Every structure is written in C-alpha cells, then in structure tokens.
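Fold and contact review
This is what each chain is made of:
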Amino acid sequence: MEYENFFADRVKPMKGSAIREMFKRMADPEIISLAGGNPASELFPGDELSKIAGKILMTSPTLALQYGTTDGYPKMKECAKQRAQKAGAVSEGDEIIIMTGANQGIDLTAKALLNKGDKVIVESPSFIGSLNAFRTYECELVGVEVESDGMNIDKLEEALKANEGVKFIYTIPTFQNPTGSTMTLEKRKRLLELAKKYDVMVLEDNPYGDLRFSGEDVPTLKSLDTDGRVIYAGSFSKILSPGMRLGYIVGAAPVLEKIEILKQVNDVHTPMLTQLMCVEFMKKYNIDDYIEKNRQLYGKKCRVMLDAMEKYFPKGKVECTPPEGGIFIWCKCPTIDNIAPVVERCLEKKVAIVPGSNFAVDMSAPSNMFRLNFSSATPEKLEEGVKRLGEVLCELL
C-alpha cells in the first residue's frame with residue numbers, strides 16, 4: 001500500500017532527528033556516544049525513588065493510579081512553583097501547568113499561538129525538538145545567529161523589522177542547546193525591549209539553568225519581564241530523571257488557560273505516579289543538594305572533555321567556546337564546508353557525534369559544525385571518544 005498520499009501536508013516534509021537515527025546505528029556496544037543529550041545515569045536516585053514508588057503504591061494506590069487534573073497535582077504544582085520561583089520565573093497573575101516533559105509545554109504553546117503561515121524567530125542553531133514542533137504547525141522559521149554570548153540582538157531586530165506576522169521568539173538563553181552559550185544580561189534586556197517594541201511573545205526554554213558549574217548566574221528572561229509576554233518552560237529531566245517525564249510551563253493566565261485545554265485533549269494529564277514520586281522526593285530530600293552533585297560531576301566531565309580536545313584535536317583546526325554549565329560543547333571547523341564525512345568516519349571509528357545541520361533552520365544545508373555531549377559517558381570513555389574523534393579530525397582536516 002502507498003501511504004504517502006494519506007499523510008497530512010504539514011507532516012510530509014518532516015524528517016526524523018539525525019540524533020535518533022544515529023541511535024539506531026549505535027546498538028554496537030563498542031561505540032562511544034558523544035552525540036546524545038542524556039543526563040548522567042550514575043546520578044539517578046534509583047534506590048530512593050524505588051522506595052518512594054513502593055510506598056506510594058502501597059499506601060495511596062487510588063491516588064497514584066486514578067485520573068488526575070489536567071493542570072497537575074496541586075502538591076506537584078507547588079514543587080514546580082518553588083523551582084520556578086528560584087529562577088525568578090513567577091509573577092503576579094501567572095499560572096503554572098505540569099507537563100509530561102517540557103517538550104510538551106513547548107509543543108502546546110506553539111499549538112495555542114500559531115496559525116499556518118505565522119513566523120517564529122528561533123536561534124540558529126537551536127534544539128531540533130522545538131524546531132520540529134514549530135514546523136508541525138506550518139509556520140515559517142526565521143533563524144537568528146547565536147554568538148558566544150547568546151543571540152545576535154542586532155540581527156534579531158533586523159529579523160523583526162523584515163518579517164510581519166512574527167508570533168513569538170523562541171530562545172534557550174542559558175547553556176543553549178546545541179551551542180552551550182549563555183545570553184548576557186544586556187542582551188536579555190534588549191531582547192525584551194524588542195519584544196515589546198514589535199509586540200511579540202517570548203518562549204523561554206530553560207532545561208539546563210540549574211546546571212551551572214562556573215561563572216555567575218544570569219537572571220532569566222521571565223524574571224525581567226514586566227509585560228507578561230514571556231512563557232517559561234522548566235524541566236525536572238536534567239535535575240532528577242528524564243524518564244519520569246516531568247516539566248512545567250509558567251505564564252499569563254489567559255494563555256495558559258488555552259494551553260490547559262489543549263493538554264486535556266493531548267494526554268488528559270501528566271501521570272500521577274511520577275508526580276507523586278517527585279513530590280515525595282522533594283519532601284524527603286534536599287533537591288538543591290542533589291543538583292549540586294550534578295553540577296560538580298558535569299564540571300568535572302566538561303574539563304575532561306576540554307582537556308582531551310586540547311590534547312588530541314589538530315591545532316588551529318577546531319574552534320569552540322568552553323561552556324559555564326549545561327551538558328554540551330559546540331565546535332566549528334573553519335577549514336571545511338561540510339562535517340558529514342567526519343561524522344561518518346567517526347562511526348567507523350566507533351565514536352558518535354552530531355552534525356550541526358541537525359540543529360539548523362534549513363537542515364539540508366551543509367554545516368562545518370558539530371555538537372559534543374559530556375554528561376552521559378564516563379570520564380574514561382570521554383577521553384577515549386575524543387581521542388578517536390581527534391584521529392578522524394587529524395585525518396580529514
């Protein structure tokens with residue numbers, strides 16, 4: 001049977017993430033992955049959560065296994081609010097909704113705001129999951145260059161001037177995926193000024209903000225917003241467990257009212273069991289102490305990777321800006337036009353990296369950039385993986 005004619009027009013052009021496709025080729029246990037975005041599994045509080053889950057199912061099975069409210073279990077909402085308040089991301093008149101992962105919040109925000117043909121300004125490069133979510137709603141993506149200190153704000157204004165029908169600006173201002181860059185305070189203030197001037201909303205995605213291991217904190221966009229035009233997406237995936245699928249969004253009540261209706265259609269509610277597990281974990285343990293363990297480990301792993309890059313990469317052939325947090329390092333090879341042969345040769349050498357084209361507005365254009373992840377592999381495998389990558393770079397560059 002020929003299925004192509006049955007697909008909706010809006011999904012026909014969509015392609016799977018190169019990262020996911022790469023995972024299929026990584027069943028070989030000898031492959032060292034520097035490609036994914038997984039948190040360090042050695043940090044997962046498996047023993048603590050297993051005991052918590054068992055107790056919940058023994059003492060509150062009906063609460064854990066029955067339908068819940070769409071906006072979230074009240075105690076879970078309070079936990080999420082505490083995390084958002086720590087980031088200054090809750091203002092008077094705001095509401096909060098628990099999401100089945102922050103990605104759901106981003107998708108439903110786009111669904112609530114976008115009509116066919118609307119424009120969304122995105123960082124270039126940016127997170128493939130969000131870009132694909134926006135593409136699903138048949139909007140036009142307008143890319144704005146990301147510099148070492150965040151989005152190029154002059155080019156942002158040029159984009160706003162040149163494009164009518166912009167609904168919102170999507171940004172990951174802190175430890176951006178894939179570049180690892182952090183937007184300066186000055187740029188954040190200017191971004192909000194432009195959003196007000198051109199009357200557009202802002203979707204701030206902040207999954208990595210808790211993972212700073214050097215430098216000074218920078219206020220979130222949401223904390224600087226005085227107009228109620230920033231919608232803030234937060235996550236427990238990088239600080240507790242991605243498999244629990246717990247995220248949240250914070251924003252003005254009229255917007256979140258529509259998003260809540262869309263979530264009800266989407267999945268009715270976020271699973272009660274994982275909400276209850278998170279509530280009990282945060283009640284019993286100090287989440288900030290747990291986050292500090294994440295920061296220390298990621299700082300150590302980042303240094304291992306940077307030291308290995310200095311040791312094994314060809315001198316003067318690869319450029320990168322060391323991140324102050326998060327889980328990624330972004331690299332550019334200015335002497336070539338296309339990183340694809342390097343990616344393929346790396347797989348032959350049993351190491352996986354992600355090409356920069358995977359994060360581009362135009363994924364068909366060649367890229368001389370690639371993303372490395374340092375959170376999921378052990379320090380020993382990070383060293384060996386970068387060594388293998390260095391051998392390929394020395395061979396092909």
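Every value quoted in this text rests on a predicted model; they were computed, and no experiment measured them.

**A closer look at the environment of Glu78**
Topologically, Glu78 is positioned in helix 4 (residues 74-86). Taking the C-alpha atoms as reference points, Glu78 and Ala252, separated by 174 residues in sequence, lie 17 Å from one another.

**Examining the side chain of Asn373**
By secondary structure assignment, the location of Asn373 is in strand 14 (residues 369-373). At 2.8 Å, the side chain of Asn373 forms a polar contact with the side chain of Ser375. There is a polar contact of 3.0 Å between the side chain of Asn373 and the side chain of Ser376. Not counting chain neighbours up to four residues away, the residues in contact with Asn373 comprise Leu34, Gly36, Gly37, Asn38, Met305, Ile327, Phe328 and Leu382.

**Thoughts on empty space enclosed by the protein**
A complete count under the given rule lists one cavity of 30 Å³ or more for this structure. By volume, the largest cavity is sized at about 40 Å³. Surrounding the largest cavity, Pro39, Ala40, Leu43, Phe44, Ser237, Lys238, Ile239, Leu240, Ser241, Tyr290, Asn294 and Tyr298 form its lining. Per-class residue counts for the lining of the largest cavity are eight nonpolar, three polar and one charged.

**Focus on unusual backbone geometry**
For the peptide bond that leads from Ser124 to Pro125, omega is 10°, which places it in the cis range. Tracing the backbone through its elements, the reader meets Pro125 in the loop between strand 3 (119-124) and helix 6 (128-136).

**Section: the pattern of salt bridges**
Any two side chains of opposite charge can pair, so long as their charged atoms come close to each other. Considering all chains together, one arrives at 27 salt bridges under this definition. A salt bridge links Lys187 to Asp149; the nearest nitrogen and oxygen atoms lie 2.7 Å apart. Pair noted here: Lys187 is in helix 8 (residues 185-197) and Asp149 is in the loop between strand 4 (140-147) and strand 5 (150-151), with a separation of 38 residues, a long-range link. Through salt bridges with shared partners, a single network forms among Arg83, Lys86, Asp210 and Asp288.

**Some points on the packing of aromatic side chains**
Taken as a whole and assessed by the stated rule, the structure comprises nine aromatic pairs. Ring geometry for Tyr208 versus Phe328: centroids 5.8 Å apart, planes at 80°, classification edge-to-face. Of the two residues, Tyr208 sits in the loop between strand 7 (201-205) and helix 9 (221-224) while Phe328 sits in strand 11 (residues 328-332), which places them 120 residues apart along the sequence. Given the relative accessible area of 2%, Phe328 is considered buried. Consider the rings of Trp330 and Phe359, whose centres lie 5.9 Å apart with planes at 80°: the pair is edge-to-face. One end of the pair, Trp330, is in strand 11; the other, Phe359, is in the loop between strand 13 (354-355) and strand 14, with 29 residues separating them in the sequence. Taken individually, Trp330 and Phe359 each receive the classification buried, so the pair is uniform in this respect.

**What to know about the environment of Ala89**
Examined against the element boundaries, Ala89 turns out to sit in the loop between helix 4 and strand 2 (94-99). In the structure, Ala89 is positioned 131 residues away from Thr220 in sequence and 7.0 Å away in space, judged by C-alpha atoms.

Rules behind the numbers
Residues numbered from 1 in each chain as written. Predicted model: local features only at pLDDT ≥ 70, side-chain atom pairs only at ≥ 80, totals over all residues. Heavy atoms only, no water. Helix = DSSP H or I, 4+ residues; strand = E, 2+ residues; numbered from the N terminus. Polar contact = N/O pair within 3.5 Å; in protein donor to acceptor, adjacent residues only side chain to side chain. Contact = heavy atoms within 4.5 Å. 1 Å grid on protein atoms, 1.4 Å probe; cavity = no way out; pocket = protein on both sides within 12 Å on 5 of 7 lines; lining within 4 Å. Points joined across faces, edges and corners; volume = space filled by probe spheres on them. Nonpolar A, V, L, I, M, F, W, Y, C, P; charged D, E, K, R; others polar. Salt bridge = Lys/Arg side-chain N within 4 Å of Asp/Glu carboxyl O. Phe/Tyr/Trp six-rings, centres within 6.5 Å; stacked < 30°, edge-to-face > 60°. Buried < 20%, exposed > 50% of the residue type's maximum accessible area, 1.4 Å probe, protein only.

Everything listed is a geometric property; what it means functionally is a separate question.
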